[in-house]
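Listed below are the residues making up each chain.
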Amino acid sequence: LPTPAASKGGFLGLMTRLVTPGPKGASTRRAVLFYAWTLLLAFPFTFLMLFLYIPSLIFDRHKRSVLQWLSMVWAKMSTRPFFKTEIVGTENMLKPETPVVYVANHQSFLDIYSMMWMNRAMRFVSKTSVFFFPLVGWCVFMAGHIGLRRQDLG
């Protein structure tokens with residue numbers, strides 16, 4: 001059963017945080033290695049997602065479960081060698097099939113990676129320009145994430 005806070009739309013006390021081991025001087029080196037490793041992983045994961053995209057549209061059009069799973073594996077393989085991810089408050093998580101909204105506060109570019117460690121099927125809302133990034137953006141599109149077109153109202 002949902003907790004009273006969840007039924008009222010309150011905060012469930014769930015948090016993911018990345019614990020960065022090592023001296024502070026190593027953070028730049030770790031970031032460069034992280035980006036290089038993530039880019040290297042982008043090639044096989046993009047190929048896999050391209051191969052599975054059409055079957056996913058035919059057999060699992062709305063959930064795209066296989067593509068979501070590949071995204072999670074990619075995020076975990078990208079972060080595991082460089083960051084320890086800790087999820088706090090798992091006792092407050094609702095069942096995986098329960099619709100829920102998780103909000104990242106974007107304290108760093110790693111929010112999306114850390115949220116993937118929650119092992120939940122999720123869709124991210126992102127500005128549409130992200131979908132045009134080679135490899136990564138294409139995978140974001142294929143996995144069914146939601147593009148938001150920003151408009152200049154000024």
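A brief structural summary. (Residues numbered from 1 in each chain as written. Predicted model: local features only at pLDDT ≥ 70, side-chain atom pairs only at ≥ 80, totals over all residues. Heavy atoms only, no water.)

Focus on the overall build of the protein
Within the protein, the regular secondary structure consists of five helices and four strands. Along the protein, helices and strands appear, N-terminal first, in the series α-β-α-α-β-α-β-α-β. A buried classification covers 34% of the 154 residues belonging to the protein. As presented, the protein carries roughly 10600 Å² of accessible surface, and 66% of it is formed by carbon and sulfur atoms. (Helix = DSSP H or I, 4+ residues; strand = E, 2+ residues; numbered from the N terminus. Buried < 20%, exposed > 50% of the residue type's maximum accessible area, 1.4 Å probe, protein only. Areas by Shrake-Rupley, 256 points an atom, 1.4 Å probe, with all protein chains shown as cover.)

Re the nonpolar core
By size, the foremost hydrophobic cluster in this structure holds 13 residues, and its most contacted members are Met49, Leu67, Trp74 and Met142. Among the elements of the structure, helix H2 (27-59), helix H3 (65-79) and helix H5 (136-142) are those that each provide at least two residues to this core. Here this core takes six residues from H2, the largest share from any one element. Not counting residues within four places of it along the chain, the set of residues in contact with Met142 comprises Thr46, Met49, Leu50, Tyr53, Arg64 and Leu67. Counting residues in hydrophobic clusters, the runner-up holds eight residues, among them Ala75, Met116, Met118 and Met122. (Core = buried A, V, L, I, M, F, W, Y, C linked by side-chain atoms within 4.5 Å. Contact = heavy atoms within 4.5 Å.)

Here's the deal with a nonpolar patch on the surface
A cluster of nonpolar side chains, namely Ile54, Ile58 and Phe59, defines an oily patch on the protein surface of about 380 Å² accessible area. Secondary-structure assignment places Phe59 in helix H2. Overall, Phe59 belongs to the exposed group, its relative accessible area being 72%. (Patch = residues over 30% accessible without salt bridge, like charges linked within 9 Å, V, L, I, M, F, W, Y side chains within 5 Å. Salt bridge = Lys/Arg side-chain N within 4 Å of Asp/Glu carboxyl O.)

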